[in-house]
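Chain and residue survey
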Amino acid sequence: MKNQKLSQLRQQLDDIDEQIIALIAERQFNVEQIGNVKLDTKSPTRDYGREKQVINHIREVAEQKKLNPNIAQKIFELIIETSLSKQEVQKVKNSGYGHNKKALIIGGNGKMGQWFAHFLQEQNFTVEINDLAPLPDQDNFIADITRIELNHDFIILATPIQKSVEVLNQLQQLKPNGIIMDISSIKTPLRRPLRSLHDSGCRVVSIHPMFGPDSQLLSNKHVIFIHMGDDAALQSAKQLFQPTMVERVEMQFEDHDRLISYVLGLSHLLNIIFMTVLAESGEAADLLANLSSTTFDAQWRIAANVTHENPDLYYEIQKLNQYSPTIINALDDTINRLKSILHNNHQQAFVHLMHQAREYLTIREQPYLKK
Ligand SMILES: C=C(O[C@@H]1C=C(C(=O)O)C=C[C@H]1O)C(=O)O
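Residues numbered from 1 in each chain as written. Predicted model: local features only at pLDDT ≥ 70, side-chain atom pairs only at ≥ 80, totals over all residues. Heavy atoms only, no water.

**Things to note about the packing of aromatic side chains**
Taken as a whole and judged by the stated rule, the model has ten aromatic pairs. Ring geometry for Trp115 versus Phe116: centroids 5.2 Å apart, planes at 80 degrees, classification edge-to-face. Taking 5.6 Å as the distance between ring centres and 50 degrees as the angle between the ring planes, the aromatic pair formed by Phe296 and Trp300 counts as tilted. Of the two residues, Phe296 and Trp300 both sit in helix α10 (residues 294–307), four residues apart, roughly one turn of that helix. (Phe/Tyr/Trp six-rings, centres within 6.5 Å; stacked < 30°, edge-to-face > 60°. Helix = DSSP H or I, 4+ residues; strand = E, 2+ residues; numbered from the N terminus.)

**A short note on the pattern of salt bridges**
Scanning all chains against the criterion turns up ten salt bridges. Of the charged contacts, one joins Glu128 and Lys102 as a salt bridge, the two residues approaching to 3.9 Å between their closest N and O atoms. Of this pair, Glu128 sits in strand β2 (residues 126–130) while Lys102 sits in strand β1 (residues 102–106); the two residues are 26 residues apart in sequence, bridging distant segments of the chain. On the basis of relative accessible area, Glu128 is assigned to the buried category, the value being 18%. Residue Lys187 pairs with Asp182 through a salt bridge whose shortest N-O separation is 2.8 Å. Take Lys187: its relative accessible area is 0%, and that puts it in the buried class. (Salt bridge = Lys/Arg side-chain N within 4 Å of Asp/Glu carboxyl O. Buried < 20%, exposed > 50% of the residue type's maximum accessible area, 1.4 Å probe, protein only.)

**Overview of the nonpolar core**
Judged by nonpolar contacts, the single largest core of 32 residues is most densely connected at Ile105, Phe116, Leu120, Phe154, Met181, Ile207 and Phe241. If you list the elements that add at least two residues to this core, you get β1, α4 (111–122), β2, β4 (154–157), β5 (179–182), β6 (203–209), β7 (222–227) and α7 (231–240). If one sorts the elements of this core by residue count, α4 sits on top with six residues. (Core = buried A, V, L, I, M, F, W, Y, C linked by side-chain atoms within 4.5 Å.)

**Considering helix α6 (residues 191–199)**
Listed as buried for α6 are Pro193, Leu194 and Leu197. For α6, the buried positions fall inside an angular range of 100 degrees around the axis, keeping them on one side. In this structure, α6 carries Arg192 and Asp199 as exposed residues pointing more than 90 degrees from its buried face. Close packing links the buried residues of α6 with α5 (161–174), β5, β6 and α8 (253–279). Positive phi shows up at Gly201, right after α6, with a value of about 100 degrees. (Arc of directions from axis to C-beta. Contact = heavy atoms within 4.5 Å.)

All quantities given are derived from atomic positions and should not be read as evidence of function.
Encoded structure:
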C-alpha cells in the first residue's frame, strides 16, 4: 500500500520535473531571442543590473511561495549562467572573424589545443592541427609543418613549455607571415625565442588564457595579453576574444611570471600540500569524507580538481617559474610563524593574521555586487 502511494507521488514528481525542464527550455528560447536583439543593437551580452532584478524578483516570488529564497537564488544563478553561455556562443558564431582566415594549432590535440580549435572553428576559421599523432579520422591533421605552406593568419602554440621553445626556434627558420601566438603558463623560458622571432621580422604576441580547457563560459575569466613589439598583432589577438565576455588584461612580459607565481603557483601548491597530507595521513578517505565540514568539502573539491589536471604541466608551472622558490619560502615562513604562535599561546597574533587576511580578501568583488 505504502509503496504504491510512494510510486504514485514519485510519478507526479517526474511529471513536475518534466514541466520544469520544459519551462527552462522555453526560457532558453527566449534568451536566444534576446541574444539576437543584443547582436542587432550591438549591446553587451551581460547585464548585471538586469540579473540583479531577476534575482530580486525570484527571491520575492520564492518567499511568497514559502520557498527558501537562497535556494531559489542558487538555482537561478545557474540558469542565468546557462543563458550567458548560450548568448556568448551566439555572439562568437555571429562574429565571423575567422571568415576566409586560416589558423594552425601546434599541439592542437592537447586539451587547450582542442579548446582553441573549437573556439576558432566557431568563429569560422579554417583550422589545421599539428601534433605528435592525429586523432581518429582527423582530416585537418598536419604531420610535419615544414612540408606545408605556412600561410595561416594565426599560428597558435599549445605545446608544453619546453617544446614551445623548440617550435619557436623552428618557426624562426620557416618565417611564416601570420601572427604567432604562444599560450604558455610560464613566460621566462620563452623570452629569448619570442624576442628573436620578433627581431627576425615575424609577427609575435604572447597570451595566457587563465582558464582550463573545460571552460564553457568566459564571463569572469581572464586572458592576459603580452606585447612582444607588434601592436597590430596584439590587437588582432585581442580581437579573437572580442565576442566573448572574457576580461582582456594587458601585462608587461617582466611582470607575468611573478604575478602568476601567486595566482597559479601558490594555489596549486596549497592544494597539492592539502591532498598530500591527507593521502599520507593513514586515515581512510571515505571516513574523512563522511565527517566533512563545509570548508573541508569546498577545499576537497578544489584539491580534487587540481589532482585531475595534467601533472607534467603542473610540474612545469612550478619548476620553470623563477619565482617559485620565493613562494615556497613564504609558505615555509608562514608555517613556522603559525607554529611559533601556537607554541607560545599568542592568540592575539593568530587573530591578527586572520583579520589581516579577511581585509585583504574583501577587495575582490562578488558578481552580484557589481553594478
Ligand atoms: C537574458 C538576458 O541576458 C543575460 C541573462 C539573464 C537571464 O538569464 O535572466 C539576465 C541578464 C543578462 O546578463 C537579458 O539581458 O535579459
